[in-house]
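Given next are the chains, with one letter for each unit.
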Amino acid sequence: MSDDTGGAIVNQLLAALPLEDYQRLVPHLEPIDLVAGEVLCEPGETMTEAYFPTLAMISLVSIMEDGSTTEISLIGKEGMVGLPIFLGGNSTISRAIVQIEGSAFKLNGNILKNEFDRGGELQKLLLLYTQALFTQASQNAACNRQHNIEERLARWLLTAQNCVMKDELYLTQEFISQMLGTRRSGVTVAAGTLQQAGMIRYTRGKISIINRQALNDTACECYRAIKNEYTRLLNSKWS
């Protein structure tokens, strides 16, 4: 399947739709560029637009009263932002923020809800995706409690790479520490360990993944558990 410009659709939810269902959405899908740091929705804010990333990475982030943040889940080409639109809650307590810039499709929330209410393949896919995203969020919570920082960092980097399909990730250690809910010093030590082992190369503001297999071997069981569930539910193409 391809978009209306003739290019291949990268978002896997849209690509999985039957042609008839997809063609109903085409006139309403707006190609956009998402900028790093752009907030798509704040906690408690009514969501009126849905986003289907193609080459961008978006985080759902929990924000504490003191301003500290912890990432709940990552969203890339395998998913979408906007679950409250079709689930009926309209808003969530998390912030949706672009972490790696790139392209996406934006869809009006009313259009999405109307298509969902038709009860067709889009509804089925979105419900399966909701279960997959819940798996990611719950597994991440367990991971943050049970596994060491090197394992968690390896898991996070693999997931981020899956989101944007790039080996070079423009991310700072400060940002990663906020997403993992840990101290920057811990991330610095963990990144140094992975770099010394030849898995990544870190320069200021950029992490290059140079040995994915070794990184996969280092990552905790949570990465494989989440990967397997996305594959089972959505046939999502995770490496």
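So, a few notes on the structure that sits alongside this text. Nothing here was measured: the structure is a model prediction, and the numbers come from that model. (Residues numbered from 1 in each chain as written. Predicted model: local features only at pLDDT ≥ 70, side-chain atom pairs only at ≥ 80, totals over all residues. Heavy atoms only, no water.)

This part is about the sheet that holds strand S10 (residues 206-209). Hydrogen bonds between backbone atoms are what pair the strands of a sheet, whose relative direction is either parallel or antiparallel. Strand order in the open sheet formed by three strands is S8-S10-S9, and the pairing between neighbours is antiparallel. Looking at the sheet topology across the chains shown, the edges are occupied by strand S8 (168-169) and strand S9 (200-203). As paired elements, S8 and S10 share two bridges and run antiparallel to each other. Paired with Leu169 across the bridge in S10 is Ile207. (Pairing = 2+ DSSP bridges. Helix = DSSP H or I, 4+ residues; strand = E, 2+ residues; numbered from the N terminus.)

It is worth spelling out the packing of helix H6 (residues 149-164) against helix H8 (residues 184-196) at this point. Contact geometry of H6 with H8 gives a least axis separation of 9 Å together with a crossing angle of 75°. When the interaxial angle is binned, H6 and H8 end up roughly perpendicular. Counting all contacts with H6, which are made through Ile149, Glu150, Leu153, Ala154 and Leu157, the residues of H8 involved are Gly186, Val187, Ala190, Ala191, Thr193 and Leu194. Here the residues of the contact of H6 with H8 sort into eight nonpolar, two polar and one charged. (Axes fitted to C-alpha atoms, helices over the stretch in contact; angles between N-to-C directions. Parallel < 35°, antiparallel > 145°, perpendicular 65-115°, else oblique. Contact = heavy atoms within 4.5 Å. Nonpolar A, V, L, I, M, F, W, Y, C, P; charged D, E, K, R; others polar.)

An α-helical segment advances 3.6 residues per turn. Residues three or four places apart therefore align on the same side. Compared with an ideal rise of 1.5 Å per residue, which puts 16 residues at 22 Å, H6 spans 23 Å between its outermost C-alpha atoms and is within 8% of the ideal. At the N-terminal end of H6, a side-chain oxygen is found 3.1 Å from the backbone nitrogen of Glu150, two or three residues along, and the residue is Asn148. Looking one or two residues beyond H6, the residue adopting positive phi is Met165, at roughly 55°. (Expected span 1.5 Å × (residues − 1). Polar contact = N/O pair within 3.5 Å; in protein donor to acceptor, adjacent residues only side chain to side chain.)

Attention shifts here to the sheet that holds strand S3 (residues 49-53). Here we have three strands laid out as an open sheet, ordered S1-S7-S3, and antiparallel in their pairing. Whereas interior strands pair on both sides, the edge strands pair on one side only; in this sheet they are strand S1 (30-34) and S3. Put simply, the sheet's adjacent strands are angled 40° from each other on average, direction ignored. As judged from the five bridges shared by S3 and strand S7 (residues 102-108), these two strands associate in the antiparallel manner. In the sheet register, Tyr51 faces S7, and the bridge partner there is Lys106.

Our next topic: the pairing of strand S4 (residues 57-63). Summarising burial for S4: five of the seven residues are buried, a large majority. Strand direction decides the pairing type here: S4 and strand S6 (residues 95-100), joined by five bridges, are antiparallel. Note that in S6 the partner of Leu60 across the bridge is Ala96. Note that S4 and strand S5 (residues 69-75) share six bridges and pair antiparallel. Considered in S5, the bridge of Ser59 is made with Leu74. Hairpin connection from S4 to S5: five residues lie between these consecutive antiparallel strands, with Gly67 at a positive phi of about 95°. (Buried < 20%, exposed > 50% of the residue type's maximum accessible area, 1.4 Å probe, protein only.)

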